[in-house]
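# Overview (structure and organization)
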Amino acid sequence: MLLKMILKCKNTPGELLEPCGHIKPESPVVQLGSNFTAVCVLKEKCMDYFHVNANYIFWKTNHVTVPKEQYTVINRTASSVTFTDISLLNIQLTCNIRTFGQIDQNVYGIRIISGLPPEKPKNLSCIVNEGKKMMCQWDPGRETYLETNFTLKSEWATEKFADCKTKRDIPTSCTVDYSPVYFVNIEVWVEAENALGKVTSDHINFDPVDKVKPNPPHNLSVSNSEELSSILKLTWINSSIQSFIRLKYNIQYRTRDASIWSQIPPEDTASSRTSFTVQDLKPFTEYVFRVRCMKEDGKGFWSDWSEEASGITYEDRPSKAPSFWYKIEPSHTHGYRSVQLIWKTLPPFEANGKILDYEVTLIRWKSRLQNYTVNDTKWTVNLTNDRYIATLTARNLVGKSDAAVLTIPAYNFQATRPVTDLKAFPKDNMLWVEWTAPNESVNKYILEWCVLSDKSPCIPDWQQEDGTVHRTFLRGNLAESKCYLITVTPVYTDGPGSPESIKAYLKQAPPSKGPTVRTKKVGKNEAVLEWDQLPVDVQNGFIRNYTIFYRTIIGNETAVNVDSSHTEYTLSSLTSDTLYMVRMAAYTDEGGKDGPEFTFTTPKFAQGEIEAIVVPVCLAFLLTTLLGVLFCFNKRDLIKKHIWPNVPDPSKSHIAQWSPHTPPRHNFNSKDQIYSDGNFTDVSVVEIEAANDKKPFPEDLKSLDLFKKEKISTEGHSSGIGGSSCMSSSRPSISSSDENESAQNTSGTVQYSTVVHSGYRHQVPSVQVFSRSESTQPLLDSEERPEDLQLVDNTDSSVGNLPRQQYFKQNCSQRETSPDISHFERSKQVSSVNEEDFVRLKQQISDISQSCGSGQMKMFQEISVADAFGLHTEGQVERFETVGTEAAVDEGMSKSYLPQTVRRGGYMPQ
Amino acid sequence: MRAQLMRRTLLSLVLGLLFLSTPAMGSCLDNYQELLGQLQKQADFMQHTSMLLDPYISIQGLDKDGLKEHCQERPGVFPSKDVLQRLSRQEFLQILNTTLGHVLHRLRTLQKDILKAQDLEKLNIAKLNIRGFKNNIHCMAQLLPGSLEKTEPTPTGPGASPSPTPISDAFQRRLEGCRFLHGYHRFMHSVGQVFREWGQSLSRSRRHSPRRGLRKGKHRTHLSSRNKRLMPRGWLPR
């Protein structure tokens, strides 16, 4: 588009606008990279009108002012601008003037088109498709950026043909509009032309018949020959080009199920023809054919392939005997075997026709021939245990195959001579089996195989190989990741040899399931893991090894490889009392698969460790206990004396005969001295105690103090009533009992206290006094019969009305064995107590019993008995004697304390 | 002798005017044998009645019993085989060129009676083939030696009779066209035989065979003496 910016030169109404100047050249097309100069020429009228000249001209390209250095003022009216090395394809150039010193006016504008001249077209070639017009094509060369026309020119020596103009969208080829004239050379070339030039390709001169691409042969048909099963005859109709030229052919063929074509040797089809007989074909095989043609001398182009046509060669007798084998099945009939004869259908290339049936013959040893015709590929027959020879032939329309012979050995036949070095391996997506032949001549080999599975039985497939074959591949439909058990059996003339088996995979894969690991035994620092072998259905290959991964929660994972033959493994160096996570992976040649994770915790102690600690401790404890018991047993008397000191039985006590000459008791504990005379069996201690706040007589107090001192000095030997802790309290008390002496009491006497209520020398004692005696007499029944206590109370009350509450409180926790005295006897003894005292005492007992219970009452009974009984045993007498001895220790206390001599069978009140 | 020289001069002049006056355009095939082969093959396929006669008979409705017998060549329209064989190569080429020119002219006349485009296409192809044949004749004439040296007079008139006088009867006109085309195919058959003889004579006498790679106007092939003897000695018999 040429842009013209016009300037109004005249503003006279009715006149056309005229430009104020113009640019030369008007419509330039410039070659890229070249220089270009444009000249702007102003008109005189405008110059006069605007008072300008060429010096006022300035240039713009694409609205950008061109530097003045590129300007050249030619004369008063003309100015030029020069551009070097044009690189833009499209430039808008305007010529402008500046009027009145400030107004820019556009005078004229042009558009500069840039591009390249056309290159010489190359590789011009033509083709004449039969029945169509000639078409030529070429390489146009580089891009010109300009509109370039390509013209195909052609001529004979005597005339020219019309030019063939290319279409805009297909500038590289052109089809002429005249029919080709064969056998007349024509000269052809291409002209390429644009604004920057015109160029012509090389001329080619050729006979159009040498550029012909014939139409393919048609109506191709195939026919066979009954005489020859190995030939097929092809016939076809050539295209009409054959009336002008001679043709040669390509004939290709293949079997129906093949994908690769075979070709008849070209030299056999190098001349024009309409038929051809293909030889050396397989019988009863369908072949597919196709044909193409071209000019006989090889000039021109091959036609397209014809439509395919197929034909089947005629049948021939089966070329090979069928594969033949047998299976023996148990028979219910004795002496017979159920033999299943099996055979394979012949492949088409061996059957050479349609197999009509099979003929089976059985020959028993030294018996006649038996013929059977079978349509199936198996036949079951009951045979005796003898040796048989079976033959098999396949029959088709033309004839029979050779016979396959099989020896069925006798029942007791022992197979030997197996193949050796049996191997099975995958290769080229097939499972190959290889073996070393036995030394003897082998008729054939039988290969049987089946898929090993835990879910389905082994259903064998089989194939037969010639006796010369030592390596073959299994021709069954094998699956990947399946374990095949392959058996190779050599077949000799006298029967089959020993079978040899091997397992193999067509293609291994990682196991589909990992092994499940579990602990068999977990120790403090080790764990025995066990697992089951993976089922064959999930193995997907040969398990080469296991890997055990174990870790703690925070620790790194440790992996241990274990041979595939193992089913247990011991993890050692484990940390005690730690949770471990363990999983296991099984690996085939193609990879591994993890099993589920299992956790276990190691114990804190090893097995037997606790026992090792506990048992000795227990034993030591038991031993200690036993020793303690033995010690206690041995020292039971001593212990008994400490815990249960002997209390003399008051009923068996007697008043010791005081003797002024009895030496003072310096060694109170000296038992030898005490028992030396044999007059004393025990010692009774008479304790005199103040019963109230009344001040005792001085002499009494004196003697008491002395006695106390003695008592304190011999603490541990002293004992109050019941020998309880109450007696060892801070309460002032006097105890005359001697533990050592008590221990000498072999009669197991019970200690009693004798309470003396009467005062000394007819004086009413101001304190409660009691004495203790040792006696074998059992405690009174009144301990368990509170009702009897009333009688005792009455008895006590007859002694005096002294306050006794303190005494009972002191003995509240004491418990002693009940005396063995009948209630009846005691009730009689207390009958003489006056009524007044009885009532008062009863009141006291009532008060005490509320706080102390039966123990207190028991104590009260003891006291009562001591007061009431007049009859005593011999032991009791002895105890009293001891008491008398003790009393005699302190001679100075004769006024306050008189030793009582208790004679046998009597008691003398003081 | 002088008259003979005069005749040769005239023949050369005619051939010169005929061939050399042709404006220089595409180059001719400079291989004599190849060019001869092209001529043979052209004559071979042009003799087939399927190229012209059969379509014409079908188009004109002459393919009925009793009519085909009337479609016979009118004698004298095309030169006979014997006549053609007696012509010299230059004369033969001249007669052939002239005759084919007449055929083209006649085909243009017949074209008026053909209405169907498909039939017209066949006719145009036939015409184009004849033009191509004439082109090869021209090229062969370039290759023949001594074209300008021939002294024997050559018939200037065409072998084929001039355009026939107009026939008012349409049937007769169709029949005449049929007879013409019949004669044309027969003529081309004879031409093919003559060219075949050219090739046979060439193989018999290699020493006279034209050299390969001759450029136009620079190298000329030498005809055998036999061919020279076969040159026509007079007008074609009618």
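Residues numbered from 1 in each chain as written. Chains lettered and ligands numbered in written order. Predicted model: local features only at pLDDT ≥ 70, side-chain atom pairs only at ≥ 80, totals over all residues. Heavy atoms only, no water.

Chain B appears in an unreviewed UniProt entry as Oncostatin M from Lynx canadensis. The UniProt entry for chain B carries this comment under Subcellular location (unreviewed entry): "Secreted". (UniProt positions renumbered as here; feature names shortened; annotations may be inferred.)

Looking at an unreviewed UniProt entry, one finds chain A named Interleukin-6 receptor subunit beta, with Lynx canadensis as its source organism. On record in UniProt, under Sequence similarities (unreviewed entry), the comment for chain A is "Belongs to the type I cytokine receptor family. Type 2 subfamily." Taken directly from UniProt, the Subcellular location (unreviewed entry) text for chain A runs: "Cell membrane".

Looking only at helices and strands, one finds eight helices and zero strands in chain B. Along chain B, from the amino end to the carboxyl end, the secondary structure elements read α-α-α-α-α-α-α-α. Across the 238 residues that make up chain B, the buried fraction comes to 50%. A separation threshold of at least 6 residues defines the contact pool for chain B, and within that pool the share at least 24 residues apart is 87%. Carbon together with sulfur atoms contributes 53% to the accessible area of chain B, which is approximately 11900 Å² in total. (Helix = DSSP H or I, 4+ residues; strand = E, 2+ residues; numbered from the N terminus. Buried < 20%, exposed > 50% of the residue type's maximum accessible area, 1.4 Å probe, protein only. Contact = heavy atoms within 4.5 Å. Areas by Shrake-Rupley, 256 points an atom, 1.4 Å probe, with all protein chains shown as cover.)

To continue, consider the sheet that holds strand S23 (residues 275-278) of chain A. Residues and elements named next belong to chain A. The three strands lie next to each other as S19-S20-S23, forming an open sheet whose pairing is antiparallel. Of all strands in the sheet, those bounded by a partner on one side alone are strand S19 (218-224) and S23. Between one strand axis and the next, the sheet turns by 20 degrees as a mean value, whatever way the strands run. In this structure, S19 lies alongside strand S20 (residues 232-237), joined through five bridges in antiparallel fashion. In the strand pairing of S20, Asn-224 is matched with Leu-232. (Pairing = 2+ DSSP bridges. Axes fitted to C-alpha atoms, helices over the stretch in contact; angles between N-to-C directions.)

A few words now on the sheet that holds strand S34 (residues 430-436) of chain A. All names here are of chain A. Taken in spatial order, the three strands of this open sheet run S33-S34-S37, and their pairing is antiparallel. Strands with a single pairing partner mark the edges of an open sheet, and in this sheet they are strand S33 (420-427) and strand S37 (471-473). The average undirected angle you get between the axes of adjacent strands in this sheet is 20 degrees. Two elements, S33 and S34, share six bridges in a ladder whose sense is antiparallel. When the bridges of S34 are listed, Ala-424 appears paired with Val-433.

Let us now look at the environment of Gln31(A). Residues and elements named next belong to chain A. With respect to the helices, strands and loops of the structure, Gln-31 is situated in strand S2 (residues 29-31). Classification of Gln-31 by relative accessible area gives partly exposed; the value is 34%. Separated by 83 residues in the primary sequence, Gln-31 and Ser-114 place their C-alpha atoms 5.4 Å from one another. The contact partners of Gln-31, leaving out residues within four places of it in the chain, are Ile-86, Gly-115, Leu-116, Pro-117 and Leu-196.

Our next topic: the UniProt feature "transmembrane region" (unreviewed entry) in chain A. Within this structure's numbering, the places UniProt gives as "transmembrane region" (unreviewed entry) are residues 613-633 of chain A. Across residues 613-633 of chain A one finds 100% helix and 0% strand; the C-alpha atoms that close the span lie 30 Å apart.

With that settled, consider the packing of aromatic side chains. Counted according to the given criterion, the structure contains 29 aromatic pairs over all chains. Summarising the aromatic geometry, the rings of Trp156(A) and Phe161(A) are spaced 4.8 Å apart at their centres and angled 80 degrees between planes, so their arrangement reads as edge-to-face. For Trp156(A), a relative accessible area of 2% corresponds to the buried category. Where Trp343(A) meets Tyr358(A), the ring centres are 5.6 Å apart and the plane angle is 55 degrees; that geometry is what we call tilted. With a gap of 15 residues between them, Trp343(A) in strand S27 (residues 336-343) and Tyr358(A) in strand S28 (residues 357-364) connect regions that are remote in the sequence. There is no split in this pair, since Trp343(A) and Tyr358(A) are both buried. Among the aromatic side chains, those forming a connected cluster through ring pairs are Tyr182(A), Phe183(A), Phe244(A) and Phe45(B). Seen from the ring of Tyr492(A), Arg417(A) lies directly overhead, with NZ or CZ sitting 4.1 Å from the centre. Over the face of the ring belonging to Trp198(B) we find Arg89(B), whose NZ or CZ atom lies 4.4 Å from the ring centre. (Phe/Tyr/Trp six-rings, centres within 6.5 Å; stacked < 30°, edge-to-face > 60°. Lys NZ or Arg CZ within 6 Å of the ring centre and 35° of its normal.)

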